Amino acid sequence: MSESYVIIGDGIAGSSAAETIREAKPDADVTVITDEGEALYNRILIKEFAKGKLPEAPISIHEEDWYAERDIDLELNTFVTDIDPDAHEVHTHDSGTFEYDKLLVATGGTPTQLPVDNSDADGIHHFWTFQDARRIAEHAEQAETGVVVGAGLLGIDLAAICGEQDVDAHYIMRGNRWWRYGLSLEGAEIIHNALEEKGVTPILESGVNGFVTDDEGSVVATLDADDNEYDSEFVGIAIGLNFNTEYLQGTGVKTDNGVVVDQYMQTDVDDIYAAGDITRFYDVILGEYTQNGSWGSAKQQGVIAAKNMVDDDQAEEFRWVTSYSITHFDFPFLSFGFPTLGDDDCERKYSDTEWRRLAFKDGKLIGGVLIGDIAPQGKYKDLIRKEVDVADQKDILLEKEFDPDKLALPQEQ
Ligand SMILES: Cc1cc2nc3c(=O)[nH]c(=O)nc-3n(C[C@H](O)[C@H](O)[C@H](O)COP(=O)(O)OP(=O)(O)OC[C@H]3O[C@@H](n4cnc5c(N)ncnc54)[C@H](O)[C@@H]3O)c2cc1C
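Definitions and limits used
- Residues numbered from 1 in each chain as written.
- Predicted model: local features only at pLDDT ≥ 70, side-chain atom pairs only at ≥ 80, totals over all residues.
- Heavy atoms only, no water.
- Helix = DSSP H or I, 4+ residues; strand = E, 2+ residues; numbered from the N terminus.
- Expected span 1.5 Å × (residues − 1).
- Buried < 20%, exposed > 50% of the residue type's maximum accessible area, 1.4 Å probe, protein only.
- Contact = heavy atoms within 4.5 Å.
- Core = buried A, V, L, I, M, F, W, Y, C linked by side-chain atoms within 4.5 Å.
- Near = heavy atom within 4 Å.
- Polar contact = N/O pair within 3.5 Å; in protein donor to acceptor, adjacent residues only side chain to side chain.
- Areas by Shrake-Rupley, 256 points an atom, 1.4 Å probe, with all protein chains shown as cover.
- Pairing = 2+ DSSP bridges.
- Axes fitted to C-alpha atoms, helices over the stretch in contact; angles between N-to-C directions.
- Lys, Arg positive; Asp, Glu negative; His and termini not counted.
- Salt bridge = Lys/Arg side-chain N within 4 Å of Asp/Glu carboxyl O.
- Phe/Tyr/Trp six-rings, centres within 6.5 Å; stacked < 30°, edge-to-face > 60°.

Draft legend 1. Structural view of helix α1 (residues 12–24). The first and last C-alpha atoms of α1 sit 18 Å apart over 13 residues, in line with the 18 Å expected at 1.5 Å per residue. By the burial criterion, the buried members of α1 are Ile12, Ala13, Gly14, Ser15, Ser16, Ala17, Ala18, Thr20, Ile21 and Arg22. Packing partners of the buried residues in α1 comprise β1 (4–8), β2 (29–33), α3 (64–69), β3 (72–75), β7 (102–105) and α7 (295–310).

Draft legend 2. Quick peek at the nonpolar core. Counting residues in each nonpolar core, the largest one holds 54 residues, and the members touching the most others are Ile83, Val90, Leu103, Leu104 and Val105. In terms of residue count, the dominant contributor to this core is α7 (six residues). Among the nonpolar cores identified, the runner-up in size contains 42 residues, and Ala143, Val148, Leu183 and Phe333 belong to it.

Draft legend 3. Region of the structure containing the side chain of His192. Note that His192 resides in helix α6 (residues 185–197). His192 sits in the buried class, given a relative accessible area of 6%. The contacts of His192, once residues within four sequence positions are left out, are Asn176, Arg177, Trp178, Pro202 and Leu204.

Draft legend 4. The site of the ligand, seen in detail. Around the ligand sit 32 residues, and of these Asp35, Glu36, Arg43, Lys47 and Asp277 come closest. Side-chain polar atom of Trp128 to an oxygen atom of the ligand: 2.9 Å apart, as the coordinates give it. Within the backbone of Ser294, an N or O atom sits 3.1 Å from an oxygen atom of the ligand. Expressed as a share of its isolated accessible area of 1000 Å², the protein-covered part of the ligand is 96%. Broken down by secondary-structure element, the contributors of at least two residues to the shell around the ligand are α1, α7 and β22 (323–326).

Draft legend 5. Up close: the sheet that holds strand β16 (residues 234–237). Taken together, five strands build an open sheet; the order of strands is β9-β16-β10-β11-β12 and the sheet is parallel. For this open sheet the edge positions go to β9 (124–126) and β12 (200–203), each flanked by a neighbour on one side alone. Averaged over neighbouring strand pairs, the angle between their axes works out to 20° when direction is ignored. Note: β9 against β16, three bridges, orientation parallel. The residue of β16 that forms the bridge with His125 is Gly236. In this fold α6 packs onto β11 (168–172) and β12, with an angle of close to 140° to the strand it touches most, β12.

Draft legend 6. Geometry of the side chain of Asp10. With respect to the element layout, Asp10 can be found in the loop between β1 and α1. An unpaired buried charge is present at Asp10: no salt bridge exists, and Arg43, the closest side chain of opposite charge, is 8.2 Å distant. Polar contacts involving the side chain of Asp10 include one to the side chain of Tyr67, which spans 2.9 Å. Setting aside anything within four residues of it in sequence, one finds Asp10 in contact with Ser15, Val32, Ile33, Thr34, Glu38, Ala39, Leu40, Tyr67 and Leu74.

Draft legend 7. Up close: the environment of Asp345. Secondary-structure assignment places Asp345 in strand β24 (residues 344–351). Between the alpha carbons of Asp345 and Gly363 there is a distance of 9.9 Å; along the sequence they are 18 residues apart. Each residue touching Asp345, except ones within four places of it in the same chain, is listed here: Arg357, Leu358, Ala359, Phe360 and Lys394. At 2.9 Å, the side chain of Asp345 and the side chain of Arg357 are in polar contact.

Draft legend 8. Spotlight on the packing of aromatic side chains. All told, the structure shown has 11 aromatic pairs when counted by the stated rule. An angle of 55° between the planes, with centres 6.3 Å apart, marks the rings of Trp179 and Phe333 as tilted. Here Trp179 is found in the loop between β11 and α6, whereas its partner Phe333 is found in strand β23 (residues 333–337), with 154 residues between them in sequence. When its relative accessible area of 10% is taken as the criterion, Trp179 is described as buried.

Structure (structure tokens):
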């Protein structure tokens, strides 16, 4: 009998795992299960669709034929309800049971709702799927006023959509700046100014007390932390993700705000692996368990998990320096590694739209943020991979034309 591989989730992690397994095991049974109604698309690009900058077609990555041609069984609109690890079975809502020899969990997360009055009113959007993007685009195209909540990497996408779709929007943030865990006030001010130029007004040190609705139940206004009322036919909320782990209850798979895996993407239950946003993984460079929500990282975790599922004697570890870029403004923005972690940092402003911050842990570079000039990213990522002590050479690291050859580094063996 041929081996059976079941993958839950057809995001980039699940899909790249399926492709990797098929290449390694031409005769195995490979099944990909997703509750979405369409095959893999580029989640990174759905914001460009919602901005009105890109049509639907280029956003799709795989047509259903892609799976058929590779003899991969794609189960669309299929929601996994629970798993029986002893029987090696995956149970679904109304599509029966799938048996596995090896199972990959790659179900990512679902946007968190704001726990305030009327947060489920019509016109209030969360942003994760292509279907969400279609609803957001349709609504933003005709809305005149809006509010965005959530001062992070997804919230700014919603703010940029308002800007591009001529929605007169307020962007409500809890702290004194956008992405306060990654940027200082000086760095964030570059972003605040760019938002204002797009017609989006940051409201700092605030929050949301609730939403006002009309007789039909549609949102018409947002109440901030001081009960100031902002007209908002359109509301976009991005305050974080709840990881989709409900179906793992009772399986013994360890979860800790995500599925805990080692550097091989293996859970603590035999034959069950996890990859992508859903994982809390052991990062071999950082030397600790951490999480990461980015496309490149999810893709690579899918590949590594698949390799280890097909051949766990040759275990390959996940060793990756991630990056995440924002392309909404006249200047580029890039976060790399883990800029929100660490015990030390340094930063410098070079011009009104150029700024850099680097984060260190135990003397080693672990991440950073580049605004305006992202060209040095390769050199910094290289240093992260080398795991060398550089925190005492911040002046050289922050030089505008950073030259790694100027650093005093231990000789390579
Ligand atoms: C609007 C937006 C913009 C982004 N921009 C960037 C960017 O610029 N750069 C970047 O690096 N990253 C970006 N990201 C993040 C990036 O898209 C994610 O990190 C990546 O897609 C995660 O992939 P994944 O496969 O782990 O999970 P997902 O893509 O979330 O896939 C998980 C799949 O599992 C399905 N699923 C969940 N539960 C079940 C169940 N019980 N049964 C069956 N199926 C289930 C889900 O519906 C989903 O299809 C962005 C994300 C969004 C939403």
